[in-house]
Amino acid sequence: MSPYRRARPAESNFEDLLRPQVEYLYRLAWRFTGSVADAEDLVQDVLIKLFPRTQELLEIERLRPWLARVLYNQYVDSVRQRARSPIVELVTGAEGEENPLDALPTAKDGPEANAERTGQRERILRALDRLNPEQRAVVAMHDVEGYSLEELETMLETPLGTLKSRLHRARQRLRALLPMEPFSVGERVKD
Amino acid sequence: MECNEFAQRLDDLLDGRLHALGRKSLQEHLARCPECRNRHEHAVAVLENVRKLTPPALHPGFIDQALSRATRPAARAARPKWRPVLGMALAASLVLGVALGVFLATRPDPVQAVVLTIDQPETVRLMFNSAKPLKAATLSLALPENVELVGYSGRRELSWQTDLREGGNLMQLPLVARGVATQELVASLSHGGNSKTFRLKIDVDNTGRSGM
């Protein structure tokens, strides 16, 4: 690390270090949450949390996996917090109100609208939504981002056996939720 | 090899974690068992399709804003808070003064109205009741002249992409009037080529100004 970098204002160092990583963090956050708004909030929360640790960031050799770990921890924390929040109870239900989205397609719509709504992307996102946060994260980090289970063992400080079992259950669940048929004809990947 | 053993080792096969002998044994089983062949093809296809999912593009300017909010505490107050469910408590803490608490039934008619006092931010709440969860719905907001969304000074048109949960979704809009407003606030929610528009008449009470 250059001494010049140390002498610069923390804001400059932080921006230099993190700017190239924000898009990666967002992508990973989206894979964790499946929502643009949640992903952006997650990234924002991580950045706010990291700024006071700029000096520590300057010492880290492989920043990306380190950041992925911070993001993962923040994600799991936020899911737990949300699960405890009374806010959900306050806003669910709303019985007796007219549905403002009644113009949106329903199951009774024509086959084209139906096909669009139940597009493959949406089906996969829905299936991912059914995984628990830890399962979803291991799929995102291992199956999509390509971290090996051994790397994840270190990054997430989770035993290899636990990670294997999470991955196994996650994949099993995805297969159960995504039957063969939607992936037939042209979607199936050749060996 | 039996089918149940194959199922147990499928993950290792998918991840290339088998030594040569183990791989050969699985491949021999695959060659003679159509059911496990289907199981394997299905597993590969599911994985490939999960890998192919790409996130929607970041909002323009997000990187600059996010870095700025992280490094400048003052900028955090301007953090946009249109969040179904989760954002509620956060948004409430951002609003200056007492929240007005206007809950609008979401019917298009009649047009609902809200009264704002010049330079006094107040939160208008809109409740969207969705029949089903909606991913990546787009909310667009067109503000009347002289009305601002707190934190978005000078911007009359804003849009967000967000997810709606089944049931009630609360949107909180911290608004502030800067002068007399005569037009309506228009909020549009769109998803999958369909959209719904909500109108809100804004009356501005400027009587408080005389005492200032």
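Analysis parameters
Residues numbered from 1 in each chain as written. Chains lettered and ligands numbered in written order. Predicted model: local features only at pLDDT ≥ 70, side-chain atom pairs only at ≥ 80, totals over all residues. Helix = DSSP H or I, 4+ residues; strand = E, 2+ residues; numbered from the N terminus. Buried ≥ 20, exposed ≤ 12 C-beta atoms within 10 Å, placed from the backbone. Contact = placed C-beta atoms within 7 Å. Axes fitted to C-alpha atoms, helices over the stretch in contact; angles between N-to-C directions. Parallel < 35°, antiparallel > 145°, perpendicular 65-115°, else oblique. Core = buried A, V, L, I, M, F, W, Y, C linked by C-beta atoms within 7 Å. Pairing = 2+ DSSP bridges. pLDDT = per-residue confidence, 0-100. Expected span 1.5 Å × (residues − 1). Nonpolar A, V, L, I, M, F, W, Y, C, P; charged D, E, K, R; others polar.

### Here's the deal with the overall build of chain A
From N to C terminus, chain A includes 11 helices and zero strands. Reading the helices (α) and strands (β) of chain A from amino to carboxyl end gives α-α-α-α-α-α-α-α-α-α-α. Taking all 191 residues of chain A together, the buried fraction comes to 32%. Sequence-distant contacts, at least 24 apart, represent 66% of the contacts inside chain A between residues at least 6 apart.

### Points about the overall build of chain B
When its secondary structure is counted, chain B shows six helices and nine strands. In chain B, 70% of the contacts between residues at least 6 apart in sequence involve partners at least 24 apart.

### Thoughts on the packing of helix H11 (residues 160–177) of chain A against helix H3 (residues 34–52) of chain B
For the pair H11(A) and H3(B), the least separation of the axes is 10 Å and the interaxial angle reads 95°. Considered as vectors, H11(A) and H3(B) are oriented roughly perpendicular to each other. On H3(B), the residues touching Arg171(A), Leu174(A) and Arg175(A) of H11(A) are His42(B), Ala43(B), Val46(B) and Val50(B).

### Examining the nonpolar core
Core analysis: the largest hydrophobic core is formed by 47 residues, its most contacted members being Leu25(A), Ala29(A), Val43(A), Leu47(A), Leu71(A) and Val138(A). No other element matches helix H2 (residues 10–33) of chain A, which puts nine residues into this core. Not counting the four nearest positions on each side in its chain, Val43(A) is found in contact with Val22(A), Leu25(A), Tyr26(A), Ala29(A) and Ala66(B). Counting 21 residues, the second-largest nonpolar core is a separate cluster that includes Leu143(B), Leu149(B), Leu173(B) and Leu189(B).

### Here's the deal with the pairing of strand S9 (residues 194–205) of chain B
Here is the key point about a regular strand: its side chains alternate between the two faces of the sheet. Residue and element names in this part refer to chain B. Two elements, strand S8 (residues 184–191) and S9, share eight bridges in a ladder whose sense is antiparallel. Bridge assignment links Val 186 to a residue of S9, and that residue is Arg 199. Joining the antiparallel neighbours S8 and S9 is a turn of two residues, in which Gly 192 adopts a positive phi near 55°.

### What to know about the confidence of the model for chain B
Caution applies to low-pLDDT regions: their predicted coordinates should not be interpreted in detail. Residue and element names in this part refer to chain B. Scored by pLDDT, chain B has a mean of 72; 72% of the residues are at 70 or more. Averaged pLDDT values for the elements of chain B fall to 28 in helix H6 (residues 87–94) and rise to 93 in H3. This stretch, residues 80–110, has a pLDDT under 50; its non-local contacts, to residues over four places away or in other chains, come to 68 contacts. ipTM for the predicted complex: 0.74, alongside a pTM of 0.59.

### A look at the environment of Cys36(B)
Residue and element names in this part refer to chain B. Among the structural elements, Cys 36 can be located in helix H3. As a C-alpha pair, Cys 36 and Leu 10 span 26 residues in sequence and 9.5 Å in three-dimensional space. Setting aside residues no more than four positions away along its own chain, Cys 36 makes contact with Cys 3, Phe 6, His 29 and Leu 30.

### A word on the environment of Leu58(B)
Here Leu58(B) lies in the loop between H3 and helix H4 (62–71). Distance from Leu58(B) to Gln161(B), taken between C-alpha atoms, is 9.9 Å for residues 103 residues apart in sequence. Apart from residues lying up to four places away in sequence, Leu58(B) is in contact with Glu23(A), Tyr26(A) and Ile63(B).

### Looking at helix H9 (residues 133–144) of chain A
All names here are of chain A. Between its terminal C-alpha atoms H9 stretches 15 Å, which fits the 16 Å expected from 12 residues at 1.5 Å a residue. Judged by how many residues are buried, H9 sits mostly within the fold: nine of 12 residues are covered. Among the residues of H9, Gln 135, Arg 136, Ala 137, Val 138, Val 139, Ala 140, Met 141, His 142 and Asp 143 are the ones counted as buried.

### With respect to unusual backbone geometry
Phi at Glu157(A) is positive, roughly 50°, even though this residue is not glycine. For Glu157(A), the location among the structural elements is in the loop between helix H10 (149–155) and H11. With phi around 75°, Asn146(B) is a residue other than glycine that occupies positive phi space. Here Asn146(B) is to be found in the loop between strand S4 (134–142) and strand S5 (147–149).

### Overview of the pairing of S8(B)
All names here are of chain B. Burial of the side chains of S8 is restricted to one face: Leu 185, Ala 187, Leu 189 and His 191 are buried, whereas none of Glu 184, Val 186, Ser 188 and Ser 190 on the reverse face is. Of the pairings in the sheet, the one linking S4 to S8 comprises five bridges and is antiparallel in character. By the bridge assignment for S8, Leu 139 is matched with Leu 189.

### Let's talk about the environment of His40(B)
Residues and elements named next belong to chain B. Following the sequence through the fold, His 40 ends up in helix H3. Through-space distance from the C-alpha of His 40 to that of Leu 30 is 8.3 Å; in sequence the pair is 10 residues apart. His 40 has contacts with Leu 10 and Leu 30, leaving out every residue within four places of it along the chain.

### A few points about the packing of H9(A) against H3(B)
Angle between the axes and distance between the axes are the two parameters that describe a pair of packed helices. Taken N-terminus to C-terminus, the directions of H9(A) and H3(B) make an angle of 95°; their axes are 10 Å apart at the nearest point. On the basis of their axis angle, the class for H9(A) and H3(B) is roughly perpendicular. Here Val139(A), Asp143(A) and Val144(A) of H9(A) lie close against H3(B), whose contacting residues are Leu47(B), Val50(B) and Arg51(B). Across the contact of H9(A) with H3(B), the residue classes tally to four nonpolar, no polar and two charged.

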